[in-house]
Amino acid sequence: MPRVSDEHLERRRQQILDAAQLCFARKGFHETSMQDVFAESGLSAGAVYRYFKSKNELIMALTTQTMVDVRAAMSEVIHGDPLPTPAELVRTLAERIVAQSGPAGPIRLAPQVWALALVHPEASEYVKDAIRAMRELWHEYAQLMHDAGWLPADADTHAVATAMICYVPGFMLQHLIIGDPDPETLARGIATLLPYREPVAQPATT
């Protein structure tokens, strides 16, 4: 018998993830059964379980996929030229969140996996790793701001990153649950709190 190609296996895996995402977005994680995923994907239980052993594995895989996309978008922006201001950066991230938070959007799964992490050890370890990875990107951005002269010379860039990472989940929860604000409102608030100033020129050394 011919071997199944890696491309075929990846397509099948993505087919299952797409079906699970629709089910979770429509009914919520707790109300969705594996039977719902089987029906939505059009695959047998055996075919689905070949890739994912439980709902927990499905939701963690989906959230990983989404967070990798968000981190990639942030990395691209912070390494752009010129360096984005905090307001410009959070606007870009907020726009990405809005684009992926529709009725079947993957961003809607994030609060569900956060809740799962409070009671499920495996999910907890995953979420810790995801938060640390995101915070490392914020720390990298804080260091870039420091190097550009946007922060005081003695600034604690780790503390800056720890504070700034809070903006995005807060926006996400407001947008998903209340239906507002929009990215421009968030950016305007950040610009007020953290106004951009031209770096102070350093005295020339002799």
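Above this note sits the structure.
Everything numeric here is computed off the predicted structure, so don't read it as measured data.

Reading guide: rules and limits
Residues numbered from 1 in each chain as written. Predicted model: local features only at pLDDT ≥ 70, side-chain atom pairs only at ≥ 80, totals over all residues. Heavy atoms only, no water. Salt bridge = Lys/Arg side-chain N within 4 Å of Asp/Glu carboxyl O. Helix = DSSP H or I, 4+ residues; strand = E, 2+ residues; numbered from the N terminus. Buried < 20%, exposed > 50% of the residue type's maximum accessible area, 1.4 Å probe, protein only. Expected span 1.5 Å × (residues − 1). Arc of directions from axis to C-beta. Contact = heavy atoms within 4.5 Å. Core = buried A, V, L, I, M, F, W, Y, C linked by side-chain atoms within 4.5 Å.

**Section: the pattern of salt bridges**
Where charged atoms from two side chains of opposite charge approach closely, those side chains can pair.
Reasoning step 1: Counted according to the given criterion, the structure contains seven salt bridges.
Reasoning step 2: As a salt-bridge pair, Arg 91 and Glu 184 come within 3.1 Å of each other at their nearest N and O atoms. Residue Arg 91 is found in helix H5 (residues 86-99), and its partner Glu 184 is found in helix H10 (residues 183-193); the two are separated by 93 residues along the sequence.
Reasoning step 3: For Arg 91, a relative accessible area of 25% translates into the label partly exposed.
Reasoning step 4: Residue Arg 132 is joined to Asp 129 by a salt bridge in which the shortest nitrogen-to-oxygen separation is 3.6 Å. Pair noted here: Arg 132 and Asp 129 are both in helix H7 (residues 121-147), with a separation of three residues, about one helical turn.

**A closer look at H5**
Reasoning step 1: Here H5 spans 20 Å end to end across 14 residues, near enough to the 20 Å set by a 1.5 Å rise per residue.
Reasoning step 2: Along H5, the residues classified as buried are Pro 86, Ala 87, Leu 89, Val 90, Leu 93, Ala 94 and Ile 97. On an axial view of H5, the arc spanned by its buried residues comes to 160°, and they lie on one face.
Reasoning step 3: Summarising the contacts, the buried residues of H5 are in contact with helix H4 (55-78), H7, helix H8 (157-164), helix H9 (167-178) and H10.

**Here we look at the side chain of Gln 21**
Reasoning step 1: Relative to the helices and strands, Gln 21 resides in helix H1 (residues 6-27).
Reasoning step 2: Classification of Gln 21 as buried rests on a relative accessible area of 14%.
Reasoning step 3: Contacts of Gln 21, omitting those with residues within four sequence positions, involve Leu 62, Ala 104, Gly 105, Pro 106 and Leu 109.

**Concerning the nonpolar core**
Reasoning step 1: Among the nonpolar cores identified, the biggest contains 56 residues, and Phe 24, Leu 58, Met 74, Trp 138 and Tyr 141 are the most heavily contacted of them.
Reasoning step 2: Apart from the residues within four sequence positions on either side, Trp 138 is in contact with Met 74, Leu 89, Val 90, Leu 93, Ala 161, Met 164, Ile 165 and Val 168.

Structural measurements only, silent on function.
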